[in-house]
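Inside the fold
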Amino acid sequence: MALIWRRGMSVGNETIDHDHRYLVCYLNTVELALQKPENEEVLLTSLSQLYNYAYEHFIREESIQKKIKYPNIKEHRKEHQQLLEELLDLKNKIKNEYDNEHISKNYDEIVKFLRHWLIDHVLNTDMAMKKYLEKYPKNFPNQ
Ligand SMILES: [Fe+2]
Ligand SMILES: [Fe+2]
């Protein structure tokens, strides 16, 4: 079943919430692509799109953190970098499997990993920003 962004996932900032909604959409696209894994190009493209959007989102989020002088910015950035590495590893692993014509068919595991990969970060690490972000207007920094 597709993942849906809920109000409870809001970190109190429109820019970041908007990005998180899109990340959920990109994640759902990957999950859809995994249902037809014989279409290598669709799956690898959807993974690239998720990676690229996550990359851009992390830059936006870190820029907001800098502006609000968020205290855990260093640790948070480290987690972003690790998330990108993990996603790149997964993409390379799948690409290698296609190249060697040895598809592991571990799609449930991949879906589990991706959901954990995104949702855990948004609900825990990003949520820690909420009490700092709430001191600013919801549309900060686009006032
Ligand atoms: Fe985020
Ligand atoms: Fe984050």
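Scroll up to find the structure.
For every chain, the first residue of the written sequence is number 1, and numbering continues from 1 onward in sequence order. The lettering of chains begins at A and the numbering of ligands begins at 1, in the order of writing. Residues qualify for local features only when their pLDDT is at least 70, as the model is predicted, and side-chain atom pairs are given and counted only at 80 or more; totals for whole chains, interfaces and linings, by contrast, use all residues.

**A word on the overall build of the chain**
- Across its full length, the chain holds five helices and zero strands.
- Its helices and strands taken in sequence order, the chain reads α-α-α-α-α from the N to the C terminus.
- Taking 15 Å as the expected radius of gyration for a compact globule of 143 residues, we find that the chain reaches 16 Å, a close match to that expectation.
- Dimensions of the chain along its principal axes, counting C-alpha atoms only, are 50 × 30 × 20 Å.
- Here the chain, with 143 residues, has 20% of them falling under the buried criterion.
- What counts as a contact is two residues whose backbone-derived C-beta atoms lie within 7 Å of each other. For the chain, the share of sequence-separated contacts (at least 6 apart) that also reach a separation of at least 24 residues comes to 72%. The helix and strand labels rest on DSSP assignments: H or I over at least four residues marks a helix, E over at least two residues marks a strand, and numbering proceeds from the N terminus. Values of the radius of gyration come from C-alpha atoms, whereas the globule rule sets the reference at 2.2 Å times the count of residues to the power 0.38. With C-beta atoms placed from the backbone, a residue is buried if 20 or more other C-beta atoms are within 10 Å of its own, exposed if 12 or fewer are, and partly exposed between those counts.

**Quick look at helix H2 (residues 40–67)**
- Helices are assigned an expected span. That span is 1.5 Å times one less than the residue count. Its 28 residues place the ends of H2 41 Å apart at the C-alpha level, agreeing with the 40 Å of an ideal helix rising 1.5 Å per residue.
- Those residues of H2 not exposed but buried are Leu-43, Ser-46, Leu-47, Leu-50, Ala-54, Glu-61 and Gln-65.
- Contact partners of the buried residues in H2: helix H1 (14–34) and helix H3 (73–99).
- Taken from the residues just after H2, Lys-69 is the one with a positive phi, measuring 50 degrees.

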